There are 4 protein chains.
Amino acid sequence: MQKIVDDIAAQMASKIEKGTVASYIPQLACVNPDQFSISVALADGSLFNAGCAQTLFSIQSISKVFTLTLALGKLGERVWNRVGREPSGDPFNSIVQLEHEQGKPRNPFVNAGAIAIADAIIQGHQPKETLAEILQFMRFLADDESIAINEKVAHSEELTGERNASLAHFMASFGHFQNPVDAVLGTYFHHCSIAMNTVQLATAGLFLANSGVNPATGYRVVSSKRARRINSLMLMCGHYDGSGEFAYRVGLPGKSGVGGGILAIAPGNASIAVWSPGLDTIGNSKLGTEALELLTQKTGWSVFGK
Amino acid sequence: MQKIVDDIAAQMASKIEKGTVASYIPQLACVNPDQFSISVALADGSLFNAGCAQTLFSIQSISKVFTLTLALGKLGERVWNRVGREPSGDPFNSIVQLEHEQGKPRNPFVNAGAIAIADAIIQGHQPKETLAEILQFMRFLADDESIAINEKVAHSEELTGERNASLAHFMASFGHFQNPVDAVLGTYFHHCSIAMNTVQLATAGLFLANSGVNPATGYRVVSSKRARRINSLMLMCGHYDGSGEFAYRVGLPGKSGVGGGILAIAPGNASIAVWSPGLDTIGNSKLGTEALELLTQKTGWSVFGK
Amino acid sequence: MQKIVDDIAAQMASKIEKGTVASYIPQLACVNPDQFSISVALADGSLFNAGCAQTLFSIQSISKVFTLTLALGKLGERVWNRVGREPSGDPFNSIVQLEHEQGKPRNPFVNAGAIAIADAIIQGHQPKETLAEILQFMRFLADDESIAINEKVAHSEELTGERNASLAHFMASFGHFQNPVDAVLGTYFHHCSIAMNTVQLATAGLFLANSGVNPATGYRVVSSKRARRINSLMLMCGHYDGSGEFAYRVGLPGKSGVGGGILAIAPGNASIAVWSPGLDTIGNSKLGTEALELLTQKTGWSVFGK
Amino acid sequence: MQKIVDDIAAQMASKIEKGTVASYIPQLACVNPDQFSISVALADGSLFNAGCAQTLFSIQSISKVFTLTLALGKLGERVWNRVGREPSGDPFNSIVQLEHEQGKPRNPFVNAGAIAIADAIIQGHQPKETLAEILQFMRFLADDESIAINEKVAHSEELTGERNASLAHFMASFGHFQNPVDAVLGTYFHHCSIAMNTVQLATAGLFLANSGVNPATGYRVVSSKRARRINSLMLMCGHYDGSGEFAYRVGLPGKSGVGGGILAIAPGNASIAVWSPGLDTIGNSKLGTEALELLTQKTGWSVFGK
């Protein structure tokens, strides 16, 4: 496995087309695009890294996997009163579907859906308390107390987050929100601004590869059924309107973020985190996707067969 | 395995809510809704059946899996110039997406996509020749020379197929068609009218569960890579705007038809065909979906983990 | 008035930007774009012409004003069960609105609406009989027995009319049609292919400028109330998604055709026909619109005030 | 004329179906639905009233006519960089069109368009200054210094204005706004909360009926060309997706508000204000529309002919 990840890192280092770093959040735009890292956490708890696997990056939308997990823990199946579980066929920030479906987002991974999930987990607490809870959950999953929010990124997001504000007010206009829009948006912007490296991220995702139990810590995070269901949502909706393409090429449940990270799950085998800041036109990490495609070719981990 | 399928069939027989038989095609509307069958073809070639597994039904949209396979054999990756590979987020017969994307269907399993595939495989031949080729392919896959088209159903579809005619003319208006619209529609309506039973269908799908090789006959149908890719499309798009729900509940690549059949693939394990004519509100077999949900619970075959 | 139309024709002759001749119907594409004509028929029956006012052109969508008038005569207010009377905000051939509103076109002047009107006026007759009736009506209104259909244009439209076929089949899929789709489309394509010159067209529209009575012949064509209502539809919907622009610049009810003609009505004052084959990006005659803008400036005929 | 308005008021008093008072703004919901008033201001400055013509009501969207007039005075034709001038075919608060057209509203009378106009007229001033300017303009037009904002309604709108906040943030996400979203929304909510009676409103609209000059005061408000153009926008877009219906039935440029008021312009003849708080399903005053329909029948003022 170490040879596989080293080979992949070497191949990625030689790529000339690395995609384009997200520019709409100033704090993300200044990241060096020549970085790449990969971490593979196996179901037995062993870990294999290549590239700058200690470098922190903004996990952005990957955080939505973990806030969904938290929400399912708090509300159970009532989460699905707030968001659907179908792919939207639209870009991550589209509002058209919201109007056609009375303010209920298609799934928890489009921006509107994750904002609705943020509202669901606040439950009358202060945003600070909710953020503390989310951080604590991430530290628990990654078994690493150092994980923190990058406040500069969070602030940058708030200043440029007009589209997300629009989505939130739109949902609020249907009476769907239990908390003030600003509190919900603050929570959302901050959990997207959590900084992690691929080691931490791969570890944090292990419970999804291992029937709900984190083999590093031995703790059961969710039931095996819930782990499968979260994986199904990642596969169907984890890459916005590029989800079909990711399934076609990589064949694993995965969730991308505009910071350039991707968390992918090979059920029964491994949790994989890759990071490279350059994005393709849809907004998913270009080299990250290519690296995962190589990995499934070399390992036979595709869920769609050998 | 025989006990599992017997148990499932028994449970399904006791269900009171069986869904609603498709009414828009008169020949389908008169089918008795109290029927159920299941056939599980294992990767070793063994076969387990329960219910009326010899009863023929109209495979309808399930045929799209096989015409896609044929088209990939003829055109290779050029197929993707004609159709995309993303879920549409829309009902099976929506035309809105077509207008927004200049007549290119989102994927080969929405009606417009399958009609475009029909155009692609005709390649200047007569519709009769193309239909003969499709039938021959089905007989080869199912290892059964008796498979035939139900002409009454085909005729009934042509009479009531205004929406599909609209989709076809719409695509033709962008200059995307190589054959006359009527020839394409005739081909499409007829391949949807192929009659099969669950034994034949499960056998025909085995190559997708077995890395491209039909273990019953030993023939390689497609490469293992292509088998994985077809499976990914089935998972992402095989149940229209209920695909997310099917992935969430069943966790297998699958393709449904309004005749009440579903073909599901458990990669490395089995090809499964179920049939029950009553449909849910989205148009997928109600008991068929429930039976598959039970099956993956009992077998642990979900691609999303144990 | 003669000086006004002469001035306008002179100004139009000096224009360098004449727009683009419609290319999607081959028979229209070969028209010389340097032609211009204007005819103003006053409410007292006098007529003023400039340019090639005897040259025949394809009236295309302008025919929709007259088929609507016929349909109102046959069905009365029941026409509005078939089509709405709101502007669509969409291009002339959009199908998106049709899907969102269950196959009922927004108004009688978008293509789908005019096709629905064609179905409504056939009423079980043969298309030939219906076309004969439409032609007779045009001859009666224009007081000119020579008006005829250009069969080459009609044939050309049928060959290239895939989008209109799609619209028609789409509406038929909702069960809205009383006649076979092909008969309806044939009727529609043929009435769009009527050839007229601006003298004939201005005369034919006079009843709308004169409270429903043709002053040239003395015949009442419709009630004054119906004349007003047809005028309101022309203003609101007569130039597709350029209707607001036409109202803003010209200030008259008008109906354009892709052949380059426009019929405009100055209630109480005049019926005006202009023709110049070059179109703007929306599909309305470029010089025709400019000529009408000049005319209302010089005459003070805008319905929106002096 | 006095007899005409008395007759109309008498007929309206006898109506049983009065529509439904707008409920989404609590301060509007408590208005007594049994009220009706009409004021007709003739181009010669004479004024005819019936019903409770001194009762103040919330002019709501009617204010958009006057903020557009102000914006045209400040920015001239550059206003059209911010908003289009086509009917939208959508409800007043739709966001779908905004996404499809990159945040540029279709016209100045849909909510998004009026919010964009509010941004355009602030021009770096404080919202309070802008509101003072708008109020001063209304007092000048109506020749009545008592006109004021109903602060309770404004506050009620701000509390319930999530949809408008969504529209504003959506436009801001395209970088279209020059002022903070909250300042723009505050301005918008307040100018919609101006309280007037039909006497004041009919007087304020007179310049539009009289080629840009207010005959009561003799002041030229806008050029005759601009008056015509504003009238054209009112006809095309003044009643949202009921604009075609209003043109068909009434035949005058008009602008409605959810407070139950309508301002209608009979160019060259009169400015008419009606008020009745009950709305039809689209959100336009039910009795107000019926009253105007009667008025044009009795007076022959329809712009579409006698």
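As the structure is a prediction and not an experimental result, all values here were calculated from the model.

1. A few points about the interface of chain B and chain A
By convention, interface size is frequently given as the accessible area that disappears when the constituent parts associate.
Step number 1: Across the boundary between the two partners, chain B contributes 31 residues, which contact 31 residues of chain A.
Step number 2: A buried area of about 2,900 Å², summed over both sides, lies between chain B and chain A, and 54% of it is on carbon and sulfur atoms.
Step number 3: At the junction of chain B with chain A, the criterion picks out two salt bridges.
Step number 4: Ionic pairing is found between R85 of chain A and E245 of chain B, a salt bridge with its closest N-O pair at 2.8 Å.
Step number 5: The interface formed by chain B and chain A contains 18 residue pairs in polar contact (both at pLDDT 80 or more).
Step number 6: Contributing elements (two or more residues each) for the side of chain B that touches chain A: α12 (224–237) and α13 (243–249) of chain B.
Step number 7: Ranked by residues supplied to the side of chain B that touches chain A, first place goes to α12 of chain B with eight residues.
Step number 8: Here the side of chain B that touches chain A is built from residues that sort into 11 nonpolar, 11 polar and nine charged.

2. Description of the sheet that holds strand β4 (residues 57–58) of chain D
Residues and elements named next belong to chain D.
Step number 1: Across the sheet, three strands lie side by side as β4-β6-β5; this open sheet has antiparallel pairing. One side of each edge strand has no neighbouring strand; the edge strands of this open sheet are β4 and β5 (148–149).
Step number 2: Relative to strand β6 (residues 194–196), β5 runs antiparallel, the two sharing two bridges. Within β6, the residue paired with I149 across the bridge is I194.

3. Details of the relation of the copies chain B and chain C
Step number 1: For the pair chain B and chain C, the best superposition has an RMSD of 0.0 Å and corresponds to a rotation of 180° with a translation of 0.0 Å parallel to the axis. These values place the two chain copies in the arrangement generated by a two-fold rotation axis. Across chain B, the rotation axis passes nearest the C-alpha of S166 of chain B, at a separation of 2.0 Å.
Step number 2: A shared interface surface links the copies, since 100% of the contact residues of chain B are contact residues in chain C too.

4. Remarks on the pairing of strand β9 (residues 270–275) of chain B
Residue and element names in this part refer to chain B.
Step number 1: Most of β9 sits out of view: six of its six residues are buried.
Step number 2: What you see with β9 is no split at all: A270, I272 and V274 on one side and S271, A273 and W275 on the other are buried throughout.
Step number 3: As paired strands, strand β2 (residues 37–42) and β9 are joined by six bridges and run antiparallel to one another. Bridged to A41 within β9 is S271.
Step number 4: Bridge count for strand β8 (residues 261–266) against β9 is six bridges, and the pairing is antiparallel.

5. A word on the nonpolar core
Step number 1: Counting residues in each nonpolar core, the largest one holds 402 residues, and the members touching the most others are I272 of chain A, I272 of chain B together with I272 of chain C.
Step number 2: Apart from residues no more than four positions distant in its own chain, I272 of chain B is found in contact with I38, S39, V40, A202, L252, I262, L263, A264, A266, L292, L295 and W301 of chain B.

6. Notes on the UniProt feature "binding site: substrate" (unreviewed entry) in chain A
Residues and elements named next belong to chain A.
Step number 1: Using the residue numbers shown here, the UniProt feature "binding site: substrate" (unreviewed entry) corresponds to S61, N111, E157, N164, Y188, Y240 and V258.
Step number 2: Counting through the fold element by element, S61 comes out in the loop between β4 (57–58) and α3 (63–75).
Step number 3: The class for S61 is buried, based on a relative accessible area of 6%.
Step number 4: If sequence neighbours within four positions are ignored, S61 has contacts with Y240, K255, S256 and G257.
Step number 5: The residue Y240 is located in the loop between α11 (224–237) and α12 (243–249) in this model.

Calculation notes
Residues numbered from 1 in each chain as written. Chains lettered and ligands numbered in written order. Predicted model: local features only at pLDDT ≥ 70, side-chain atom pairs only at ≥ 80, totals over all residues. Heavy atoms only, no water. Contact = heavy atoms within 4.5 Å. Buried area = accessible area lost by both parts, 1.4 Å probe. Salt bridge = Lys/Arg side-chain N within 4 Å of Asp/Glu carboxyl O. Polar contact = N/O pair within 3.5 Å; in protein donor to acceptor, adjacent residues only side chain to side chain. Helix = DSSP H or I, 4+ residues; strand = E, 2+ residues; numbered from the N terminus. Nonpolar A, V, L, I, M, F, W, Y, C, P; charged D, E, K, R; others polar. Pairing = 2+ DSSP bridges. Least-squares fit on C-alpha atoms with pLDDT ≥ 70 in both. Buried < 20%, exposed > 50% of the residue type's maximum accessible area, 1.4 Å probe, protein only. Core = buried A, V, L, I, M, F, W, Y, C linked by side-chain atoms within 4.5 Å. UniProt positions renumbered as here; feature names shortened; annotations may be inferred.

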